[in-house]
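Below, each chain spelled out in residue letters.
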Amino acid sequence: MTLRIYNTLTRTKDPFTTIEPGKVRLYVCGPTVYAEAHIGHAMSALVFDIVRRYLEWSGYEVNYVMNYTDVDDKIISKANQLGEDPFALAQRYIDDYAQNLADLNVKPATLNPRATQEMDCIQNMIARMLEQNRAYAVDGDVYYRVAADKNYGQLSGRKLEDMNAGSRVQVDDRKENPMDFALWKSAKPGEPAWDSPWGKGRPGWHIECSAMNYHHLGEQIDIHGGGNDLIFPHHENEIAQTEAITNKQFATFWMHNGMLTLKNEKMSKSLGNIISIKEFLSQHPADVMRLLVLSGSYRGPLVYGEDVLNQAEQVLKRLLGAKKPADPDAQGLSADRDQHLKDTAAKTASAFKEAMDDDFNTSGALAAIFELVKAINQARSDGATSAQLAHPISVFNEFTGVLGLKLEEPSSAGAESDANAFIDLLVKLRSDLRAEKNWALSDKVRDGLKSLGVVIEDHKDGSSWSWERN
RNA sequence: GGCGACAUGGCCAAGUGGUAAGGCAAGGGUCUGCAAAACCCUCAUCAUGGGUUCGAAUCCCAUUGUCGCCUCCA
């Protein structure tokens, strides 16, 4: 069984191949840094983190490049609004974004290039397009000549004549074709600008990604990823620019994640329904966000809401439960029950791989993991020893790790964790009360701790407690 | 107006020709002093209408509905 990936370019699941054997060149469009990242960004980052982790687990060496677009109209206008230097503002949000990713347990990219550090490459590419008449300069601006590109629209499946450019935005009449897009924009006074053969200015929106790809990964890459809202025009234009210069197929695979929506509406500033990553993580563990993504197809929309959130919380509890230790007094499983457990572990391992190989079918992979969870729980309640549980639990850890789940026991942060010793004391006292069959008082202790977020579980040989996840 | 995606039980969600994975919730049971956790059992014929086929959730056509893109967007 080999990995198959849904390719936006071909609209089918194609067998995965790489340009260099065993190595993957993966580029994912990162954010334009002008505001706090929201959980939609988180979804995209998590999707490609999972892709990356699975490819690495499958034995590939992954060169993962995720860019920051750090010069752009929105950054400039936000900076003006705040009276802040646009570069300082961009840096602030880059640091912020990197921290968000770390908090989400997203593995750092191999490289995080930035648009502002690629000016030579950007200008070289524009110059070559001009030389080949694939672009034209007007009053310090440079535009890509769409009409000269017979493949334009290959990714988004559009034809030039079908698109009604300007229906919602004023068309610049200096353009030869309304669909022509800017490679270089002349600077207005007070804007950040770089010298260029066409006058002072800055790059257009799409060229920076073409340049960063070209510079850091080469003329051709294996996978290009991003949100499906980038298919047109951003990715279409990236292809146009790069292929205009190389005359080679730019990316073999184009992967696009679906949008996270709130009550069937896309998150947007105008609707005022943005939930930032920071805000989310202040209320939920990172694993919950990841489980939200894992529970469905990465290509489809993810409808965010109270109900799915609660379900993800429950799922996380169940996963955590699988890691509970064996009963110290366990009698041990019979040889054939033990063998059965091993067989189940092997079976779920192949089911996991089969699901993931089918275009990263994470909900199928999760189902395989749950089969293992059930087997582990069954074995534990049938008296498996910790030695007997060790192997299936290590398989469980391996696969949840491939999906990027941390599965840490919840703990109460900061000063509250100093309470642990006191809670231990209360729980011990309660055990004494139970030994005396003083149910009224022992239940009072349990209820009291429960209301403080501490859950007690009684076992044959004593009681354990844990912080309630919230 | 153009392009595209999707529609599976109360909820989330796999499944592209042979009679529906998994999870959450719910109900019943075991365990427990009572709980909690865990375990066992129960719980769908796949938007609608046609068609192809021995046989379709899975292929084709139509209808309805939802969403995305065509402007900045992960």
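Computed from a prediction, not measured in an experiment: that's the story for all the values here.

Asker: In this structure, what is going on with the environment of tyrosine 304? I would like to understand it.
Answerer: With respect to the element layout, tyrosine 304 can be found in strand 13 (residues 302-304). The spacing of tyrosine 304 and threonine 348 is 44 residues in sequence and 29 Å in space, taken between C-alpha atoms. When sequence neighbours within four positions are dropped, the list of residues in contact with tyrosine 304 reads Ile39, Leu260, Thr261, Leu262, Lys263, Ile275, Phe280, His284, Leu292 and Leu309.

Asker: How should the packing of helix 9 (residues 306-321) against helix 11 (residues 362-381) be read in this particular structure?
Answerer: Axes are the key here: two packed helices are described by the angle between their axes and the distance separating the axes. Where helix 9 meets helix 11, the closest approach of the two axes is 9 Å, and the angle between their N-to-C directions is 50°. On the basis of their axis angle, the class for helix 9 and helix 11 is oblique. Between helix 9 and helix 11 lies a crossing whose hand is left-handed. Every residue of helix 11 that contacts helix 9 at Val315, Arg318, Leu319 and Gly321 is listed here: Ile369, Phe370, Val373, Lys374, Asn377 and Arg380. Of the residues that constitute the contact of helix 9 with helix 11, the class distribution is five nonpolar, two polar and three charged.

Asker: Sorry if this is basic, but what is going on with the environment of tyrosine 143 here?
Answerer: In this fold, tyrosine 143 is placed in strand 6 (residues 141-144). Residue tyrosine 143 is classed as buried on the basis of its relative accessible area of 5%. Taking the C-alpha atoms as reference points, tyrosine 143 and asparagine 177, 34 residues apart in sequence, are found 9.7 Å from one another. Among the polar contacts made by the side chain of tyrosine 143, one reaches the side chain of arginine 174 at a distance of 3.3 Å.

Asker: Please explain the domain arrangement of chain A as it appears in this structure.
Answerer: Many structure descriptions define interface size as the accessible area lost when the parts assemble. If you check the domain split of chain A, you get domain 1 (4-278), domain 2 (315-402) and domain 3 (414-467). If you average the C-alpha positions of domain 1 and of domain 2, the two centres end up 41 Å apart. Counting from both sides, the interface comprises ten residues of domain 1 and, opposite them, twelve residues of domain 2. Of all residues in domain 1, Arg4, Tyr54 and Trp57 bury the most surface against domain 2, accounting for 58% of the area lost on that side. Among the salt bridges present, the one from arginine 4 reaches aspartate 358, with a minimum N-O distance of 3.5 Å. For the interface between domain 1 and domain 2, the tally reads eight residue pairs in polar contact (both at pLDDT 80 or more). If you list the elements that add at least two residues to the side of domain 1 that touches domain 2, you get strand 1 (4-7) and helix 1 (39-57). At five residues, the largest contribution of residues to the side of domain 1 that touches domain 2 is made by helix 1. Across the side of domain 1 that touches domain 2, the residue classes break down as seven nonpolar, no polar and three charged.

Asker: Please clarify how the packing of aromatic side chains should be interpreted in this entry.
Answerer: Aromatic rings considered in pairs are described by the distance between their centres and by the relative angle of their planes. Per the counting criterion, the structure on display carries 17 aromatic pairs. For the pair tyrosine 54 and phenylalanine 360, a centre-to-centre distance of 6.1 Å together with 85° between the ring planes defines the contact as edge-to-face. Pair noted here: tyrosine 54 is in helix 1 and phenylalanine 360 is in the loop between helix 10 (335-357) and helix 11, with a separation of 306 residues, a long-range link. Assessed through its relative accessible area of 3%, phenylalanine 360 is described here as buried. Ring centres 5.8 Å apart and planes at 65° place the aromatic pair phenylalanine 250 and tryptophan 254 in the edge-to-face group. Chaining the aromatic ring pairs together yields one cluster made of Tyr54, Trp57, Tyr298, Phe352, Phe360 and Phe399.

Asker: Would you explain the pairing of strand 5 (residues 135-138) in this entry?
Answerer: Side chains on a regular strand alternate between the two faces of the sheet. Sheet analysis places strand 5 next to strand 6, joined by four bridges and oriented antiparallel. Bridging from a neighbouring strand, tyrosine 136 pairs with tyrosine 143 of strand 6.

About the thresholds
Residues numbered from 1 in each chain as written. Chains lettered and ligands numbered in written order. Predicted model: local features only at pLDDT ≥ 70, side-chain atom pairs only at ≥ 80, totals over all residues. Heavy atoms only, no water. Helix = DSSP H or I, 4+ residues; strand = E, 2+ residues; numbered from the N terminus. Contact = heavy atoms within 4.5 Å. Axes fitted to C-alpha atoms, helices over the stretch in contact; angles between N-to-C directions. Parallel < 35°, antiparallel > 145°, perpendicular 65-115°, else oblique. Left-handed = near helix turned anticlockwise from the far one by under 90°. Nonpolar A, V, L, I, M, F, W, Y, C, P; charged D, E, K, R; others polar. Buried < 20%, exposed > 50% of the residue type's maximum accessible area, 1.4 Å probe, protein only. Polar contact = N/O pair within 3.5 Å; in protein donor to acceptor, adjacent residues only side chain to side chain. Domains from an automatic or database assignment. Buried area = accessible area lost by both parts, 1.4 Å probe. Salt bridge = Lys/Arg side-chain N within 4 Å of Asp/Glu carboxyl O. Phe/Tyr/Trp six-rings, centres within 6.5 Å; stacked < 30°, edge-to-face > 60°. Pairing = 2+ DSSP bridges.

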